[in-house]
Amino acid sequence: AKVVIGARRVDKLTEVAKSCETSAPDSCPGKVLAVACDVTDRMESTPSIPSSVAAGVMYFTQMKNCLMDQWDQTIDVNCKGVTNCMGAVLQGMTAAGAGKVVVISSDAGVRPFGSLAVYSASKHFVECLCEATRRELVGTGVTIHTVQPGDVKGTELILKNTDEEAAKGIGVEIGKPVGEGFSRTQLLDPKDVANAVVTVLTAPPHVAINSILIEPRDQE
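Attention here is on the structure that accompanies the text. (Residues numbered from 1 in each chain as written. Predicted model: local features only at pLDDT ≥ 70, side-chain atom pairs only at ≥ 80, totals over all residues. Heavy atoms only, no water.)

Thoughts on the nonpolar core
- Counting residues in hydrophobic clusters, the biggest one holds 13 residues, and the most contacted among them are V82, M86, L90, V101, V103, C130 and I144.
- Breaking this core down by element, the ones donating at least two residues are helix 3 (68–96), strand 4 (99–104), helix 4 (117–136) and strand 5 (142–149).
- Per-element accounting of this core gives the leading share, five residues, to helix 3.
- Every residue in contact with V82, bar those within four places of it in the chain, is listed here: V77, V103, V126 and L129.
- Membership of the second largest hydrophobic core comes to 11 residues, among which are L116, Y119, A167 and V178. (Core = buried A, V, L, I, M, F, W, Y, C linked by side-chain atoms within 4.5 Å. Buried < 20%, exposed > 50% of the residue type's maximum accessible area, 1.4 Å probe, protein only. Helix = DSSP H or I, 4+ residues; strand = E, 2+ residues; numbered from the N terminus. Contact = heavy atoms within 4.5 Å.)

What to know about the sheet that holds strand 6 (residues 211–214)
- Here three strands make up an open sheet; going across it, the order is 4-5-6 and the pairing parallel. Where the open sheet ends on each side, the last strands, each with one partner, are strand 4 and strand 6. Direction aside, neighbouring strands of the sheet carry axes that sit 15° apart on average.
- Each of strand 4, strand 5 and strand 6 touches helix 4; the most contacted strand, strand 5, lies at about 155° to it. (Pairing = 2+ DSSP bridges. Axes fitted to C-alpha atoms, helices over the stretch in contact; angles between N-to-C directions.)

Digging into the pattern of salt bridges
- Following the criterion strictly, the structure yields eight salt bridges and no others.
- Between D76 and K80 there is a salt bridge; the shortest N-O distance is 3.4 Å. With D76 and K80 both in helix 3 and four residues apart, this pair spans about one turn of that helix.
- The salt bridge involving R111 is made with D107; its shortest N-O contact spans 3.9 Å.
- According to the relative accessible area criterion, D107 is buried, its value standing at 4%. (Salt bridge = Lys/Arg side-chain N within 4 Å of Asp/Glu carboxyl O.)

Here's the deal with the side chain of S122
- By secondary structure assignment, the location of S122 is in helix 4.
- Take S122: its relative accessible area is 2%, and that puts it in the buried class.
- In contact with S122, not counting residues within four places along its chain, are T74, N78 and C79.

A few points about the side chain of Q148
- Inspection of the secondary structure puts Q148 in strand 5.
- Take Q148: its relative accessible area is 5%, and that puts it in the buried class.
- Contacts of Q148, omitting those with residues within four sequence positions, involve S105, S106, D107, V110, E127, S211, I212, L213 and I214.

Right, here's the structure in full:
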């Protein structure tokens, strides 16, 4: 398939594109194209939304510490980012009578976690938005899906956290990727999440895998 991937960090996107070409040497060159895209900017994301967009923030924070800038960023990226992307593609998909929108949500979208109140709320928003939109689109040929990962090895979601109290309570270290000190059975690999997306995309035309909750075997 021809895939366009988007995020703000083009250097990281280029690495992903090269990795895809290396892991699939039989594919034709140029099938994965990296483009800059800020999902919080409606004018930037709407005209040329890529077929795959990477965006998300997760701040561990105690609500009583009132880190409101981090709350705002979480809502802008995790909530508005999804509505902006939907707004960029749904009219074209419904006009064509076909299409799949796959949103990477979180297990926090189905059960809230302490020290992640705003993040959990943002993912509950995503789940509610997708479920309601899914029902609206019945009969159009367009389907909406969510993949809800638990802890994933090596992700950089917590690198910019600043609430030491919240991090200590959760048992994570600020400034380090997810997975430091975790056992093998407490972490997913990024490829596990990617495989879940492939499962959604390759389902038979009469089947809609609406949501996949995927967590490490020993995640509490």
